[in-house]
Amino acid sequence: MPITPLTITHFTQTNALGKGVQASLNALQSRRSGLTPCDFEDAQLETWIGRVAGLEESPLPEAFAEFECRNNRLARLALEQDGFAGRVAELIGHYGAARIGLFIGTSTSGIRATETAYRQRDRDTDRLPDDYLPSHTHNIFSPTWFIRRYLGLEGPALAISTACSSSAKVFAAAHRQIEAGLCDAALVGGVDSLCLTTLYGFNALDLISASPCRPWDLHRDGINIGEGAGFALLEPSRTDIPGERLLGYGESCDAFHMSTPHPEGQGAALAMRQALERAGLGTQDIDYVNLHGTSTPSNDAAEDKAVVAMLGDQVPCSSTKGWTGHTLGAAGITEALFALLCLRHGFIPGSLQTREIDPSLQARIERENRPARLNQVLSNSFGFGGNNCSLLFGRSP
Amino acid sequence: MKPVYIQTIGIMAPGLVGWEQAQQVLSGSGPYQPDSLPALKPEMLKPNERRRTSNTIKLALQSIQDGLGTRCKKHDLITVFTSSEGDMEIVDKICRALDSPERPVSPTHFHNSVHNAPAGYAGIAAGSQSASTSLAARAGSFASGLLEAAVQAWAARQPVLLVAYDYPVPYPLSVPIPITRPFATALLLSVDADADTQLAVLNLRLAQQGVESRMQDAELEVLRLDNPAARSLPILQVVASGSQAELSLPYLPGLHLTVEISPC
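Let me sum up the structure you'll find in this document.

Calculation notes
- Residues numbered from 1 in each chain as written.
- Chains lettered and ligands numbered in written order.
- Predicted model: local features only at pLDDT ≥ 70, side-chain atom pairs only at ≥ 80, totals over all residues.
- Heavy atoms only, no water.
- Helix = DSSP H or I, 4+ residues; strand = E, 2+ residues; numbered from the N terminus.
- Rg over C-alpha atoms; globule rule 2.2 N^0.38 Å.
- Buried < 20%, exposed > 50% of the residue type's maximum accessible area, 1.4 Å probe, protein only.
- Areas by Shrake-Rupley, 256 points an atom, 1.4 Å probe, with all protein chains shown as cover.
- Lys, Arg positive; Asp, Glu negative; His and termini not counted.
- Charge placed at Lys NZ, Arg CZ, Asp CG, Glu CD.
- Contact = heavy atoms within 4.5 Å.
- Buried area = accessible area lost by both parts, 1.4 Å probe.
- Salt bridge = Lys/Arg side-chain N within 4 Å of Asp/Glu carboxyl O.
- Polar contact = N/O pair within 3.5 Å; in protein donor to acceptor, adjacent residues only side chain to side chain.
- Nonpolar A, V, L, I, M, F, W, Y, C, P; charged D, E, K, R; others polar.
- Pairing = 2+ DSSP bridges.
- Phe/Tyr/Trp six-rings, centres within 6.5 Å; stacked < 30°, edge-to-face > 60°.
- Lys NZ or Arg CZ within 6 Å of the ring centre and 35° of its normal.

**Here we look at the overall build of chain B**
- Looking only at helices and strands, chain B features nine helices and nine strands.
- In summary, chain B has a C-alpha radius of gyration of 18 Å against a globular reference of 18 Å for 264 residues, a match within 12%.
- When its C-alpha atoms are laid out on the principal axes, chain B stretches across 60 × 40 × 35 Å.
- Residues counted as buried form 63% of the 264 residues belonging to chain B.
- Put simply, chain B shows about 9,500 Å² of open surface, and 48% of that area lies on carbon and sulfur atoms.
- Of note, chain B has its 20 positive side-chain charges centred 6 Å away from the centre of its 24 negative side-chain charges.

And the structure:
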């Protein structure tokens, strides 16, 4: 049985391409990457990152001082773009604060606060600084808590953390809780920010690239880590409100390995199949796939097998990681919103930096931007623990 | 919300080592003696996998093993994992490494540091490719997980395995995060009223008012307040006693989860 579609009535995003949706759209259309050589804190790593400018100069308002950390700063900076916070206030007026659900994905939340606290700890006693407040910063629930309070929401809330699929799964969770009658509308989103844990952690796994990433390229050799935040409002579809539609979602696991995808992409294919089934659509209905496309040799190879097995080798595909880097817990929302931009503005962004496509891969990878009338697009997100999510969006009627 | 049924319960905590023992203690048939936990050694993982895990992962898996029995090694259950803090032993190790020369972060620690690590290992052990989510909501972590598990069970019309866990936090993180006792519970929830193995039926609803349900036994109340996953204890006690009750669990600031429980 197909699900009842929801309408995305407003959205905003902030990432290495800039603040607000227009900055992302401009960069996607002009093929301008947001990646820069790594200059985060004192990281001594030869890699590129997708860093959001200006966070250092954007403290939280005094009333939210206990939530102060890079991750919540990024969340707030994003909420203040595109009139998003104002639209939430209107939504509260319409539905009531207790009837709007909040669904936020993050992978590392404000772990940067803990990294800093350890560096400042007392060298004799190991004691951490007195003003270190992990409940409001590091904790996975922190961004959900902060956003709920910042926007004055009083409904159900869910903090999801499944690594790099976290902020894709928020769409599925919101759809289910609306169907269950727990809320009438939903704010979904995600936020993840740069930290040393992910830079050095992915480095330890030998998964970061010394150059700008190049998904599906023969010479791809790893990811670039980025940061970002994105938020969207989901409301029941009515003929009188425009907006792209959430048509389907699929969630699965690999049951294979903690940090290596299933080599045949079984779990990924299952997620895509479920998304199609929930939308009541066939493989021929997909006009474009925004790939997870991290640019590691094994991730792209597994996703390639999954896409070809599910959709064949003629559906246009690309990865936008070359623009933003891999925003990890924010990748799901970042790329879901890119997919909406592609639907709305009728274009396919060709994978940036992908020059020589790996001949062992078969999916149809677009390398240049081109206009295209898109009716339905898929957005893939896959994370550690073999956690997969695929989202299916349709154009505004 | 439509009712959900508890099919099986697993538990792993000091003095509550398995549902059989917990049932005795929680129903008042035996005294609560909060001894330390036996060594955690979840057999559901192959020894080489188990070596790569942490105490937090082992604790969560041990509760699943208790709840599902041999089925833990082969199933295709949808799973919902919930934990307030995740794996603070690993965070401690990573942050110490980041503060050392050369910053030697262990790749295994890093991939185990994701909040969904226990879910990942449990899924690998079971060979399950079904959907899995991992949540956190501070003191409301259990309620958040229970609500989401019920929602998912009804959306899929399939059983859902809910796993709530938190492991003691090491010094110096234990100063701001004072969790001192391990606690994990695994509840298999179903929407199927006809199955003959149900332990209890739950009706859930959100409430703006509520007085948090407590444990009568002083030691169990200490445990309930110590560990976010132990906020489940009032429910487990009612089920163990085969009684009927309306309970209030902490969920979110300004919002409670009311749970009506009846025996089946």
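And the narrative resumes.
**A closer look at the overall build of chain A**
- Tallying secondary structure elements over chain A gives 11 helices and 17 strands in all.
- Computed over C-alpha atoms, the radius of gyration of chain A comes to 20 Å, within 12% of the 21 Å expected from 2.2 N^0.38 for 397 residues, which places it in the range of a compact globule.
- For chain A, buried positions account for 68% of its 397 residues.
- Surface exposure of chain A reaches about 12,500 Å², of which carbon and sulfur atoms provide 48%.
- Counting 33 positive and 44 negative side-chain charges, chain A places the centres of these two groups 4 Å from one another.

**Side note on the interface of chain B and chain A**
- With 55 residues of chain B at the contact, the number on the chain A side is 63 residues.
- Roughly 4,900 Å² is buried in total at the junction of chain B and chain A, and carbon and sulfur atoms are behind 62% of that figure.
- Three residues, Arg103(B), Phe110(B) and Gln129(B), lead the burial of chain B against chain A; their summed loss comes to 15% of the area buried on that side.
- Residue Asp126(A) pairs with Arg96(B) through a salt bridge whose shortest N-O separation is 2.8 Å.
- Taken together, the links from chain B to chain A amount to 21 residue pairs in polar contact (both at pLDDT 80 or more).
- Elements with a contribution of two residues or more to the side of chain B that touches chain A: helix H4 (88-98), helix H5 (107-112), helix H6 (117-126), strand E4 (132-135), helix H7 (141-156) and strand E8 (245-252) of chain B.
- Looking at the side of chain B that touches chain A element by element, the count peaks at seven residues for H4(B).
- Here the residues of the side of chain B that touches chain A sort into 31 nonpolar, 17 polar and seven charged.

**So, the environment of Leu187(B)**
All names here are of chain B.
- Among the structural elements, Leu 187 can be located in strand E6 (residues 183-190).
- Classification of Leu 187 by relative accessible area gives buried; the value is 0%.
- Separated by 41 residues in sequence, Leu 187 and Leu 146 place their C-alpha atoms 8.9 Å apart.
- Not counting residues up to four positions away in its chain, the partners in contact with Leu 187 are Ile 6, Thr 8, Ile 9, Phe 142, Val 160, Leu 161, Leu 162 and Leu 236.

**Examining the side chain of Glu235(A)**
- Tracing the sequence through the fold places Glu235(A) in strand E9 (residues 228-236).
- Every residue in contact with Glu235(A), bar those within four places of it in the chain, is listed here: Leu6(A), Thr7(A), Thr9(A), Leu91(A), Tyr95(A), Ala185(A) and Ile241(A).

**Details of the pairing of strand E5 (residues 160-166) of chain B**
All names here are of chain B.
- Along E5, seven of the seven residues are buried, which leaves the element largely enclosed by surrounding structure.
- Pairing geometry for strand E3 (residues 78-82) and E5, over five bridges, is parallel. Across the sheet, Ile 78 pairs through a bridge with Val 160, a residue of E5.
- Bridge count for E5 against E6 is seven bridges, and the pairing is antiparallel. Each bridged residue has a counterpart across the sheet, and for Ala 164 the counterpart in E6 is Thr 185.

**Considering the packing of aromatic side chains**
- Under the defined criterion, the tally for this structure stands at 12 aromatic pairs over all chains.
- Here the aromatic cluster, defined as three or more aromatic residues joined through ring pairs, consists of Phe64(A), Phe67(A), Phe141(A), Trp145(A), Phe146(A) and Tyr150(A).
- Taking NZ or CZ as reference, Lys2(B) lies 4.5 Å from the ring centre of Trp154(B), over its face.

**A short note on the side chain of Ser144(B)**
- With respect to the helices and strands, the residue Ser144(B) is situated in helix H7.
- Other than its neighbours up to four places away in sequence, Ser144(B) contacts Ala157(A), Leu158(A), Leu135(B), Ala137(B) and Tyr251(B).

**Observations concerning the pattern of salt bridges**
- Applying the stated criterion to the full structure yields 37 salt bridges over all chains.
- Note that Arg103(B) and Asp42(A) form a salt bridge whose closest N and O atoms lie 2.8 Å from each other. With Arg103(B) in the loop between H4 and H5 and Asp42(A) in the loop between strand E3 (36-37) and strand E4 (48-50), the pair connects residues from two separate chains.
- For Asp42(A), a relative accessible area of 32% gives the class partly exposed.
- A salt bridge links Arg127(A) to Asp130(A); the shortest N-O distance between them is 3.9 Å.
- Given a relative accessible area of 73%, Asp130(A) falls into the exposed group.

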